[in-house]
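Topology and contacts: notes
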Amino acid sequence: NTVIKSIIKFIGNSILFYIVITILFDYINKINIQKIGKNKDENNKQKKWSNKKVFLISFAVIIICWLPYFLTYYPGLTTGDSMNQIFQSIGLENLSSHHPVIHTGVISLFIHIGNYFSSLNLGIALYTIFQMLIMALIFSYSIYYMNKKQLPKWTLVISLLFYSIYPINPLFSLMMWKDIIFAGLMLLFVVNTYDIIQVNNKISMKKMIIYVINIILLILFRNNGLYVIILMIPFLLLLGRKKSKIIISVFIIALVLYFIIKHLPNKYKK
């Protein structure tokens, strides 16, 4: 009974997700088609400057709003998983695939810097600052992208307010936990996916490389990210029917590279 309920729940959530995403993408496309400037060169310059300004202001506002949380909870927030990864990074526990190796490696880098100065707190604080910057950059990029697609200004303001002052966001940005960066990568994946499947949007080699890297990191930072990617492929093919060959190629390349990266260490084990 539990299995059947889980399957029904998954199918229902998948259909709901597909409907919501489709409506959202259609809405953004309609807004995109609207504005035609009289002087294209001038408009493009203005838009480019505007986008950069929006990104920088968003980043600054988010960091300023998060700073009191960092000072309050210095050097950062840790969990049981965090301590396991810290112990693994300093050799008190064996490295385990239970936690993403890439995430443990990042933690290890900052913990070793802290240990060099004989301060574990410094290592945790440096990791916390790193994670705060990563999340703030991702959130700012999503606002930048919304502005680039000429969404109404109120959507940008609401998004910025949500990212900067909704307590869950700054608190989670301080938490040494694999799910935090994974969540940020998931947001990037949604933005990059929309950019890829847009009907009138050209897919450059740069965009494809960024998308492939995004997919690989998404899987490396959380093991079940692989299932998220695989289960999303059919929906992405439906949403981007005219680009199905490119989408399939990108996912095949990303998955092949992921398995090569994952099994590469085993090749050099004694």
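Preceding this paragraph is the structure being described.
In this section: the overall build of the protein. A count of helices and strands for the protein gives 11 helices and zero strands. Starting at the N terminus, the α and β elements of the protein follow one another as α-α-α-α-α-α-α-α-α-α-α. The buried share of the protein, taken over its 270 residues, is 38%. Within the protein, residue pairs in contact and separated by at least 24 positions form 75% of the contacts whose partners lie at least 6 positions apart. Accessible area of the protein: about 16300 Å², with a carbon and sulfur share of 70%.

One can find Met208 in helix H9 (residues 205-220). Met208 has contacts with Ile203, Ile246 and Val250, leaving out every residue within four places of it along the chain.

This part covers the packing of helix H8 (residues 178-197) against helix H10 (residues 225-239). Relative orientation of the contacting elements H8 and H10 amounts to 20°, with a least axis distance of 12 Å. Classed by the angle they form, the pair H8 and H10 counts as roughly parallel. For the crossing formed where H8 meets H10, the hand is right-handed. Residues Phe182, Met186, Phe189, Thr193 and Ile197 of H8 pack against Gly225, Val228, Ile229, Met232, Leu236 and Leu239 of H10. Counted by class, the contact of H8 with H10 contains nine nonpolar, two polar and no charged residues.

What follows covers the packing of helix H5 (residues 120-148) against H8. One way to put it is that H5 packs onto H8 with a least axis distance of 10 Å and a crossing angle of 20°. Looking at the two axes, H5 sits roughly parallel to H8. As H5 runs across H8, the sense of the crossing is left-handed. On the side of H5, the interface is formed by Tyr127, Phe130, Gln131, Met135, Ile138, Phe139, Tyr141, Ser142 and Tyr145, while H8 contributes Ile180, Ile181, Gly184, Leu185, Leu187, Leu188, Val191, Asn192, Tyr194 and Asp195. Classifying every residue of the contact of H5 with H8 gives 14 nonpolar, four polar and one charged.

Calculation notes
Residues numbered from 1 in each chain as written. Predicted model: local features only at pLDDT ≥ 70, side-chain atom pairs only at ≥ 80, totals over all residues. Heavy atoms only, no water. Helix = DSSP H or I, 4+ residues; strand = E, 2+ residues; numbered from the N terminus. Buried < 20%, exposed > 50% of the residue type's maximum accessible area, 1.4 Å probe, protein only. Contact = heavy atoms within 4.5 Å. Areas by Shrake-Rupley, 256 points an atom, 1.4 Å probe, with all protein chains shown as cover. Axes fitted to C-alpha atoms, helices over the stretch in contact; angles between N-to-C directions. Parallel < 35°, antiparallel > 145°, perpendicular 65-115°, else oblique. Left-handed = near helix turned anticlockwise from the far one by under 90°. Nonpolar A, V, L, I, M, F, W, Y, C, P; charged D, E, K, R; others polar.

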